[in-house]
Amino acid sequence: MGITVKLRENQKMKLSLFTVGILVGLMVTIQYTGSKNRPVPVSTDKLELNTELAAQLDQSQLLYKKVDDLESQITQLKLSQGNASELRSELQNELDQVKREAALTSLSGPGITMKLTLSKSLYNNLVVLGVDPHSLVLNEDQLREIVSDLFASGAQGIAINGHRISSYSTIRPIGSQDNQEMQINGRPVTEPYTFQVIGDVNKLNAGILSYQLEDNLHKIAYEMTVDTFDSETGLTIPAYQEGIEIKYAHVDAQGVAK
Amino acid sequence: MILIPIVGLLIGVGIGLFVNVQVPVEYSSYLSIGVLAALDTVFGGIRAAMEGHFESKVFLSGFFFNTLVAAFLAYIGEQLGVSLYLAAVFAFGVRLFQNIAIIRRLVMSRTKKVEHE
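Residues numbered from 1 in each chain as written. Chains lettered and ligands numbered in written order. Predicted model: local features only at pLDDT ≥ 70, side-chain atom pairs only at ≥ 80, totals over all residues. Heavy atoms only, no water.

Asks: Please clarify how the overall build of chain B should be interpreted in this entry.
Replies: Each helix and strand in chain B was counted, giving four helices and zero strands. In sequence order, chain B lays out its α and β elements as α-α-α-α. Relative to its 117 residues, chain B shows a buried fraction of 34%. Across chain B, contacts joining residues at least 24 apart in sequence account for 79% of those joining residues at least 6 apart. Counting every atom, chain B has about 7,400 Å² of accessible surface; 71% of that belongs to carbon and sulfur. (Helix = DSSP H or I, 4+ residues; strand = E, 2+ residues; numbered from the N terminus. Buried < 20%, exposed > 50% of the residue type's maximum accessible area, 1.4 Å probe, protein only. Contact = heavy atoms within 4.5 Å. Areas by Shrake-Rupley, 256 points an atom, 1.4 Å probe, with all protein chains shown as cover.)

So this is what it looks like as structure tokens:
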């Protein structure tokens, strides 16, 4: 009987220790996992708080400095971006201007058209008067002279029969003396010759008068008809169509015009 | 004898990790005092078992009572603005070390006895 009671007591003891062990283990784990996830408690000690505050202030100053640095970097980047776009537009403007001056763009503006036509009546009259018919020709020199006169009168752009005159343009005769044709920019051009000229209309008309273009043309049996286009987009002349290939020349850095 | 509560402790730890119960922050201080009280009871129980005067009722009641009273003392202390939990920490801490020392001595004397035999 005593042994049975003792055994039962022993079992109870083991069971109690085991159960309490489980409970303690559970409590310890809950406390441990809970404290691990818990934020670090703030100290109430004045000295500690002051030290922590000083450290935080230092940290915040460092962060502010970093923010300032980053902001200045952003500003610099923005500025450099702005400068780049400004520079790009400036370069584009310059390029456009160079293209305009090189006659590589079509032009519109006020100007005049001059149509030079061989007049049969004038021709016959001159022949009757004893002028050599072979001399009654509008040759390349005369065409070049007219172009020069027009440029001298303030022409900004000239096209002859739709062929733009640039510094690379050629005006030369092709064919025989009896059956002569003109070639402008390598393209055949025949009479009548129509000059499209953009520029100050008054200056151009004054130039035509002063260079006596009409009188000179009458001498070779040519008539001249001038039409004026005053409005801003009155006249449009095409761009120089032929390609420009600079192969054997190079830019002399000292000779660049300012 | 010592192995039984250690196995229980390990099982309890396993359950705690598996279940992952979270105690709100405001109650964690009570739980820590409760843990201390529970540990004191466990070591006291081990000591009593080794000395041969273990009583399950006393042990279990002591475990729950001490744990709850310790947590309650901590709560009351917080309400009154007095660090009453320190009393529990001190009392249980001292007793814990006393029990551990006695258990150590008992284990050592038993080992010596076994060696003599």
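Asks: Would you mind showing me how to read the sheet that holds strand β6 (residues 180-184) of chain A here?
Replies: Backbone hydrogen bonds are what pair the strands of a sheet, in a parallel or an antiparallel way. Residue and element names in this part refer to chain A. As summarised here, the arrangement of the three strands in space is β5-β6-β7, forming an open sheet in which the pairing is antiparallel. Looking at the sheet topology across the chains shown, the edges are occupied by β5 (171-175) and β7 (187-189). Pairs of neighbouring strands in the sheet enclose a mean axial angle of 45 degrees, with direction left out of account. Strands in contact with helix α4 (residues 140-152) are β5 and β6; relative to β5, the strand with the most contacts, it is inclined by about 160 degrees. (Pairing = 2+ DSSP bridges. Axes fitted to C-alpha atoms, helices over the stretch in contact; angles between N-to-C directions.)

Asks: Help me understand the interface of chain A and chain B in this model?
Replies: Many descriptions give the size of an interface as the accessible area lost when the pieces come together. Taken residue by residue, the interface counts 22 residues in chain A and 34 residues in chain B. Roughly 2,500 Å² of surface becomes buried between chain A and chain B when both sides are summed, with 81% attributable to carbon and sulfur atoms. A per-class count over the side of chain A that touches chain B returns 11 nonpolar, eight polar and three charged. (Buried area = accessible area lost by both parts, 1.4 Å probe. Nonpolar A, V, L, I, M, F, W, Y, C, P; charged D, E, K, R; others polar.)

Asks: Would you mind going over the packing of helix α2 (residues 25-51) of chain B against helix α4 (residues 85-116) of chain B with me for this structure?
Replies: The description of two packed helices rests on the angle between their axes and on the distance between the axes. Residues and elements named next belong to chain B. It is the contact of α2 with α4, at a shortest axis distance of 9 Å, that shows an interaxial angle of 30 degrees. By the angle between their axes, α2 is roughly parallel relative to α4. Here the hand of the crossing between α2 and α4 comes out left-handed. The residue inventory of the contact of α2 with α4, partitioned by class, reads 17 nonpolar, two polar and five charged. (Parallel < 35°, antiparallel > 145°, perpendicular 65-115°, else oblique. Left-handed = near helix turned anticlockwise from the far one by under 90°.)

Asks: Is there a simple way to think about the confidence of the model for chain A in this case?
Replies: Low-confidence regions, as indicated by low pLDDT, have predicted coordinates that should not be scrutinised in detail. Here chain A shows a mean pLDDT of 83. Residues at 70 or above account for 91%. When pLDDT is averaged over each element of chain A, strand β8 (residues 193-199) of chain A comes out on top at 92 and helix α1 (residues 2-37) of chain A at the bottom at 80. (pLDDT = per-residue confidence, 0-100.)

Asks: What is the right way to read helix α5 (residues 201-210) of chain A from this model?
Replies: Residues and elements named next belong to chain A. Listing the buried residues of α5 in full gives V201, L204, G207 and I208. The buried side chains of α5 occupy one side of the element, clustering within an arc of 125 degrees when seen end-on. Set apart from the buried face of α5 by more than 90 degrees, the exposed residues are N202, K203, L209 and S210. Looking at the buried positions of α5, the neighbouring elements they touch are β2 (111-118), α4, β3 (155-160), β8, α6 (213-218) and β9 (222-229). Looking at where α5 begins, the residue whose side-chain oxygen comes 3.1 Å from the main-chain nitrogen of N202 is D200. Immediately downstream of α5, the backbone of Q212 shows phi near 50 degrees, a positive value. (Arc of directions from axis to C-beta. Polar contact = N/O pair within 3.5 Å; in protein donor to acceptor, adjacent residues only side chain to side chain.)

Asks: Help me understand unusual backbone geometry in this model?
Replies: Outside of glycine, negative phi angles account for most residues, and trans bonds account for most peptide bonds. Residues and elements named next belong to chain A. For the bond running from E191 to P192, omega is 5 degrees, close enough to zero to count as cis. Structurally, P192 can be placed in the loop between β7 and β8. Positive phi values are uncommon outside glycine, yet N161 reaches one of about 50 degrees. As for its position among the elements, N161 is in the loop between β3 and β4 (163-164). With relative accessibility at 28%, the residue N161 sits in the partly exposed group. Notably, A221 is not glycine yet its phi reads approximately 70 degrees, a positive angle. Structurally, A221 is set in the loop between α6 and β9.

Asks: What is the right way to read the nonpolar core from this model?
Replies: As a rule of thumb, soluble globular proteins bury nonpolar side chains together. All names here are of chain A. In terms of nonpolar packing, the biggest core is built from 27 residues, with M114, L116, L150, Y193 and F195 touching the most fellow members. For this core, the secondary structure elements donating two or more residues are β2, α4, β3, β6, β8, α5, α6 and β9. Here this core takes four residues from α4, the largest share from any one element. Each residue touching L116, except ones within four places of it in the same chain, is listed here: L138, I146, E191, P192, Y193, F195, L217, Y222, E223 and M224. (Core = buried A, V, L, I, M, F, W, Y, C linked by side-chain atoms within 4.5 Å.)

Asks: It is not clear to me how the side chain of D149(A) should be interpreted in this structure. Could you clarify?
Replies: Here D149(A) is to be found in helix α4. Filtering out sequence-adjacent residues up to four positions away, D149(A) remains in contact with Y211(A) and L213(A).

Asks: Is there a simple way to explain the confidence of the model for chain B in this structure?
Replies: Here chain B shows a mean pLDDT of 85. Residues at 70 or above account for 99%. Mean pLDDT values for the elements of chain B range from 85 in α2(B) up to 88 in α4(B).

Asks: Got a minute to help me understand the environment of G157(A) in this structure?
Replies: Relative to the helices and strands, G157(A) resides in strand β3. The class of G157(A) is buried, set by a relative accessible area of 2%.

Asks: I keep staring at the side chain of T33(A) and nothing clicks. Help me out?
Replies: Position of T33(A) relative to the elements: it lies in helix α1. At a separation of 2.8 Å, a polar atom in the side chain of T33(A) contacts the main-chain carbonyl oxygen of T29(A). Reaching out from T33(A), the side chain makes a polar contact with the backbone oxygen of I30(A) at a distance of 3.1 Å. T33(A) has contacts with L17(B) and V21(B), leaving out every residue within four places of it along the chain.

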